[in-house]
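Chain residues, written in single-letter form:
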Amino acid sequence: MTILNVLKVEQPIGEFFIGAIDAKSLLEITTVDVRAFGKEQGGTIDGIQRELSKSRLKDLSQYVNLEYATFPTSVILAIDERCITLKKIEGCDGFYQLEVSAYDGSEGDEPIPLDASAFVLDGQHRLAGLENRDPEKKPFQVNVSIFVGADTSDQAEIFSRVNLAQTKVNKSLTYDLLESAKDVSPQKVAHDVVVALNADTRGPGPDEQGPFFEKIKRLGVRTPDVDGETLAQATVVNGLLRYLPQNQEKERSKSIFGFSNRSEKNENWRDRIFVDFYRNRDDTSIFLIVSNYFEAVADKWPDAWDDPKEGQILSRTTGFNALIRFLKDAYLHIVNDEPRVVEKSEFATVFDRITIKQEELNKGIYVPGSTGQGVLYKQLVKLGIPSERNNDQQDLF
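Predicted, not measured: the structure shown is a model, and the values here were computed from it.

(A) Quick peek at helix 12 (residues 317-334). A rise of 1.5 Å per residue sets the reference length of helix 12, with its 18 residues, at 26 Å; its end C-alpha atoms lie 26 Å apart and thus fit the reference within 8%. The sharpest bend along helix 12 reaches about 25° and sits at F326.

If you want it as structure tokens, here you go:
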């Protein structure tokens, strides 16, 4: 038996109840009805929920154990009315004591055990993640919206409305909100570097502007009155994240306790070239390396980078993703002993070996997507890095 205090809410679909319940108690009463083909002949389809995503479950299982974990939106439940007892709380208009218990069954009715009394309409991944919360940690309350006695059609309507009405948040907007974050994290460092790159101008003339000046769409859409933005902020941030500490949520949690300078086991700057700068809170060096590298790119292919014609890919997602991947190869070719800022002239020696012409950097040769990115990256490695460093590379085509 589980008891919680709830508030009744009335909406066009009917009434439901909202309240809070400890995650452990919630897990004891919930079950999921996954939509799938039934066993009957004819291929009937039953159930409401989607299957669990293993990758999402893994992420949430880690997230629920972080110090700042939160699920502010409701888990939505449908509970059979035979498992519910409601008692009005005197003196509190609209408040009830809601008791969930097993149903013993009767003639013609199957019993309903307590652990199958509440169907999850929305929130199954959050609950599955909470199953892996460390029991030594303090309780984790979950806010719930409870529909009592909703039939299958109502349950399906609620599930479809909740999921179809949601608009996926633009990743560039999500990263841009990190500007207000107090804690250090790989995402925030990458965001701060990208903002600095986008604003990098050392004077009024075009020759005094950094390689990314006004090239980055901060919110994922074009900035009013700014021409020439070719890259979404999320694209550039994700490119930098590949070289910062790997477990980004864990790093944010470490920062809360002032431990962001502590390295992880087997951490190596040759795997993630910016990790030592991150540990030392040296964002400036990350900015300078990226800026110097892409200045060398802009000097090598000025028209393709600064004034791309229709169909050219160098300063768009295809070109950027190949170039940011090649940054590690170029950096490790130049740097031997310990991480340091590499100058533009040093990167230029790598690009001087590359014989790709500006007019060849188009989507006809490098098709948009991972295929074109991969082809360009392999060419950059084969042409730019001496053969002893890339003799294990695959053929270009």
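(B) Main features of the packing of aromatic side chains. In this structure the tally under the stated criterion is 17 aromatic pairs. Between the aromatic rings of Y293 and F347, the centroid separation amounts to 5.1 Å while the plane-to-plane angle is 80°, which identifies the pairing as edge-to-face. On the criterion of sequence distance, the pair formed by Y293 in helix 10 (residues 283-300) and F347 in helix 13 (residues 344-351) is long-range, its members being 54 residues apart. Neither Y293 nor F347 differs from the other in exposure class; each is buried. Joined through ring pairs, the aromatic side chains of F212, Y293, F294, W301, W305, F320, F326, F347 and F351 make up one cluster. The positively charged end of R262 is found above the aromatic ring belonging to F259, 3.8 Å away from the centroid. A cation over an aromatic ring shows up here: R325 above the ring of Y377, its NZ or CZ 3.8 Å from the ring centre.

(C) Spatial organisation of a nonpolar patch on the surface. Together, I256, F257 and F259 make up an exposed nonpolar region whose accessible area comes to about 260 Å². Turning to its location among the elements, F259 is positioned in the loop between helix 8 (248-256) and helix 9 (275-279).

(D) View of the pattern of salt bridges. The full count for this structure, using the stated rule, is 15 salt bridges. Ionic pairing is found between R126 and D122, a salt bridge with its closest N-O pair at 3.1 Å. Judged by relative accessible area, which is 9%, D122 ranks as buried. E264 is the salt-bridge partner of K254, the closest N and O atoms lying 2.8 Å from each other.

(E) The arrangement of the confidence of the model for the protein in detail. Averaged over every residue, the pLDDT of the protein is 84; residues scoring 70 or more account for 84%. Here residues 34-50 is modelled with pLDDT under 50, and outside its nearest four sequence neighbours on either side it reaches 41 contacts, counting other chains as well. Segment residues 391-397: pLDDT under 50, and 10 contacts once partners within four positions in sequence are set aside and those in other chains are kept.

(F) Highlighting the nonpolar core. Ranked by internal contacts, the top residues of the largest apolar core, which has 60 residues, are F274, Y293, F294, W301, F326, Y331 and F347. Among the elements of the structure, helix 6 (186-198), helix 7 (233-241), helix 9, helix 10, helix 11 (302-306), helix 12, helix 13 and helix 14 (370-384) are those that each provide at least two residues to this core. It is helix 12 that contributes the most residues to this core, 10 residues altogether. Beyond its immediate stretch of four places on either side in the chain, Y293 contacts L323, F326, L327, A330, F347 and F351.

(G) Structural detail: the side chain of S61. Position of S61 among the secondary structure elements: in helix 2 (residues 54-63). Apart from residues no more than four positions distant in its own chain, S61 is found in contact with G129 and N132.

The rules behind each value
Residues numbered from 1 in each chain as written. Predicted model: local features only at pLDDT ≥ 70, side-chain atom pairs only at ≥ 80, totals over all residues. Heavy atoms only, no water. Helix = DSSP H or I, 4+ residues; strand = E, 2+ residues; numbered from the N terminus. Expected span 1.5 Å × (residues − 1). Bend = angle between axes of the 7 residues up to and from the residue. Phe/Tyr/Trp six-rings, centres within 6.5 Å; stacked < 30°, edge-to-face > 60°. Buried < 20%, exposed > 50% of the residue type's maximum accessible area, 1.4 Å probe, protein only. Lys NZ or Arg CZ within 6 Å of the ring centre and 35° of its normal. Patch = residues over 30% accessible without salt bridge, like charges linked within 9 Å, V, L, I, M, F, W, Y side chains within 5 Å. Areas by Shrake-Rupley, 256 points an atom, 1.4 Å probe, with all protein chains shown as cover. Salt bridge = Lys/Arg side-chain N within 4 Å of Asp/Glu carboxyl O. pLDDT = per-residue confidence, 0-100. Contact = heavy atoms within 4.5 Å. Core = buried A, V, L, I, M, F, W, Y, C linked by side-chain atoms within 4.5 Å.

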